[in-house]
Amino acid sequence: MKQTALERSIDPASQSMLEKAENDGIETAWDRYEQQLPQCGFGQLGICCRNCNMGPCRIDPFGEGAKNGICGATADIIVARNLLRMIAAGAAAHSDHARDAVLTFKKMSEGKAGSYGIKDEAKLFSLASEYGISEEGKSREEIASELANALLAEFGKQEGPIQYTRRAPEARLRLWSELGIEPRGIDREIVECMHRTHMGVDNDATHILLQGLRTGLSDGWGGSMIATEIQDVLFGTPEPKKSTVNLGVLVRDKVNVIVHGHEPILSEMIVEAAEDPELLKLAKEKGATGINVAGICCTGNETLMRHGTPIAGTFLQQELAVITGAIEAMVVDVQCVMPALGNLTGCYHTKFISTSPKADFPGTVRMEFHEEKAYETAKEIIKTAVENFPNRNFEKVNIPEEKQDCMVGFSAEAILKALGGTPDPLIGAIAGGAVKGIGAVVGCNNVKIRHNYGHVNLVKELIKNNVLVVTTGCNAIACAEAGLLVPEAAALAGDGLKGVCESLGIPPVLHMGSCVDISRILVLASAIANRLGVDISDLPAAGAAPEWMSEKAVSIGAYVVSSGVFTVLGTAPPVLGSQAVAALLTKGLDGVVGASFAVEPDPFKAANLMLEHIEGKRRALGLN
Ligand code: CUV
Ligand code: SF4
């Protein structure tokens, strides 16, 4: 049975575009999901293995058929190995993004990246001092160059520690070291995952999963944190600002350019190029009143956080944006970009422009980006979009009305500043019970869950129960679309949280950035834990990824839980084919890293699990 638009999304703008897709005879991810049903049971349970060419092997989940692969691998081994490969891929994605950001930073310091500069000097100095780089007698560029080398070394290091892990509370560091899961070098951990999962290497589920935790940590406190920090130096550390979200940010009489993917390196330039007088003049000549840049996914979050550039939608709205018929160019870099956009853009006038040397898709115009000529490439891209404006078929255009105001830009620095420079007022509010605790809600959309239903309901339930929510990624966009990122949303919060938000003038849900910016949440959690002299696992805090889908989310789960934060997943990862692995993830890890996972698709029940956890931590701290 085909789902209706109403069943597919809770968002009215998305519903109307799903209906338009239907009328235009266009297929979306939801249709393709239905074509996939029923999905393969072996795959869902994680019990098929293709790691060598004696296979593929699969284990019979009912215990009647094969219990072992040809090499003798059990369900436990196969499930654990498959999970480790997911973590490796996710950590690789975040960390390779970080590497490129650092390489840009290095080129900038050598004067070889024309249009880039140092936007946050204070952060440059503080990052350098963490590495023991002295400022004396050096230019900013020299310091930047030394810092770039130190950061690049984190990837190829053979022995740890990764410097930013030192930001974690003392007790956490001791625990990691006792468990032998302190990451050594970022690339080393990822390579070791691939080695261990090769046929005939690591064949003990627990042993395999410990490597998963270590690799996750090399992402959260390594790759992701490096990406966040260095992007702040290059583009500025986000500060609170206002913007708008949802498909209604597209403008009928302007050239609409979407930036989609994950890396802000090029999109920063695109935002700038869109204001270039020469291009604005050209836009007028082509009959448009201006140029409108809007984001999707985390590239969108990056430009939103730093410039207030509007966001057109979440992961599952990438196709819907094209279906408006009003997009002149869909500009993509890496990650979470559906190859389906190739066919889809072909049905409209939209130019699909791929920019990363690493990522191409069917039907793209390649406009490869290199730092040396970043601004020129960005101008070229905008020009292509502008010249495409006359090709727009206005009869096919239908832009939903819906757009929502939002307040964004809550970096850890900005939150501390809003609190007057220290976490004390927040700690006071938590101790006094006005704020019960902190909920970190993150992650993607997933067609298996009604679009934004999990995100919005979970977050609403938390704030109603006086849990302050910090958010990143597509959860943040979903919350923004639901109107939760404005100070007025305090009205939806419980009395305690409402009072705190009103006195500070902040929303009850704080947008901390893109997915790599989950590292900002780690920094904030550490600041609070360190101030209290406790471990992160002692804090009344819990995490959730209600609609996650990407391998990156698995790596995030690994580092968030190993950092001591109980985390609820809205969809089950492919591990249920092994009782041992499932039990380890949902219970066993508690005794190891002081936190574990739960799986709960119902956002109301998920919120309850988080609230119970927070209450338990409050009791243990002697709070009420
Ligand atoms: Ni990186 S990883 S769908 S964009 S949050 Fe959005 Fe965030 Fe998931 Fe991708
Ligand atoms: Fe089969 Fe073992 Fe090869 Fe996997 S590694 S495909 S279980 S023989």
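Conventions and cut-offs
Residues numbered from 1 in each chain as written. Chains lettered and ligands numbered in written order. Predicted model: local features only at pLDDT ≥ 70, side-chain atom pairs only at ≥ 80, totals over all residues. Heavy atoms only, no water. Helix = DSSP H or I, 4+ residues; strand = E, 2+ residues; numbered from the N terminus. Donors = N, O, S within 2.8 Å, 3.2 Å for Na, K, Ca; no water. Buried < 20%, exposed > 50% of the residue type's maximum accessible area, 1.4 Å probe, protein only. Pairing = 2+ DSSP bridges. Axes fitted to C-alpha atoms, helices over the stretch in contact; angles between N-to-C directions. Near = heavy atom within 4 Å. Nonpolar A, V, L, I, M, F, W, Y, C, P; charged D, E, K, R; others polar.

So, unusual backbone geometry
Phase 1 of the analysis: The residue after Leu-37, namely Pro-38, is reached through a cis peptide bond having omega -5°.
Phase 2 of the analysis: Position of Pro-38 among the secondary structure elements: in the loop between helix H3 (29–36) and helix H4 (41–45).
Phase 3 of the analysis: In this structure, Pro-56 follows Gly-55 across a cis peptide bond, with omega equal to 10°.
Phase 4 of the analysis: One can find Pro-56 in the loop between strand E1 (48–49) and strand E2 (57–58).
Phase 5 of the analysis: Even without being glycine, Asn-246 reaches a positive phi, approximately 95°.
Phase 6 of the analysis: Note that Asn-246 resides in the loop between strand E3 (241–245) and strand E4 (255–261).

Details of the coordination of the nickel atom of ligand 1
Phase 1 of the analysis: At the metal site, the nickel atom of ligand 1 is ligated by His-262 (NE2), Cys-298 (SG) and Cys-515 (SG), and these contacts range over 2.2 to 2.7 Å.
Phase 2 of the analysis: Counting residues between consecutive donors of the nickel atom of ligand 1 along the chain gives the motif H-x35-C-x216-C. Here the residue His-262 occupies a position in the loop between E4 and helix H11 (264–273), and Cys-515 occupies one in the loop between strand E13 (509–513) and helix H22 (518–532), the gap between them amounting to 253 residues.
Phase 3 of the analysis: Overall, Cys-515 belongs to the buried group, its relative accessible area being 12%.

Some points on the sheet that holds strand E14 (residues 541–545)
Phase 1 of the analysis: One open sheet accounts for six strands, arranged E13-E12-E11-E14-E15-E16; its pairing is parallel. Either end of the sheet is taken by a strand with one partner, and the two such strands are E13 and strand E16 (597–599). The mean angle between the axes of side-by-side strands here comes to 25°, regardless of whether they run parallel or antiparallel.

Let's talk about the site of ligand 2
Phase 1 of the analysis: Around ligand 2 sit Cys-49, Asn-51, Cys-52, Met-54, Gly-55, Cys-57, Gly-69, Ile-70, Cys-71, Ala-73, Arg-81 and Met-199, and those are all the residues in its vicinity.
Phase 2 of the analysis: In the shell around ligand 2, the residues fall into eight nonpolar, three polar and one charged.

Focus: the environment of Cys-297
Phase 1 of the analysis: Looking at the element boundaries, Cys-297 is found in helix H13 (residues 297–307).
Phase 2 of the analysis: By relative accessible area, Cys-297 is classed as buried at 2%.
Phase 3 of the analysis: Residues Cys-297 and Asn-475 lie 178 residues apart in sequence; the distance between their C-alpha atoms is 9.9 Å.

Quick notes on the pairing of strand E12 (residues 467–472)
Phase 1 of the analysis: E12 sits mainly inside the fold: six of its six residues count as buried.
Phase 2 of the analysis: Burial along E12 is two-sided: Val-467, Val-469 and Thr-471 facing one way and Leu-468, Val-470 and Thr-472 facing the other are all buried.
Phase 3 of the analysis: Summarising the sheet, strand E11 (residues 437–441) and E12 pair through five bridges and their orientation is parallel. Paired with Ala-440 across the two strands is Val-470, which belongs to E12.

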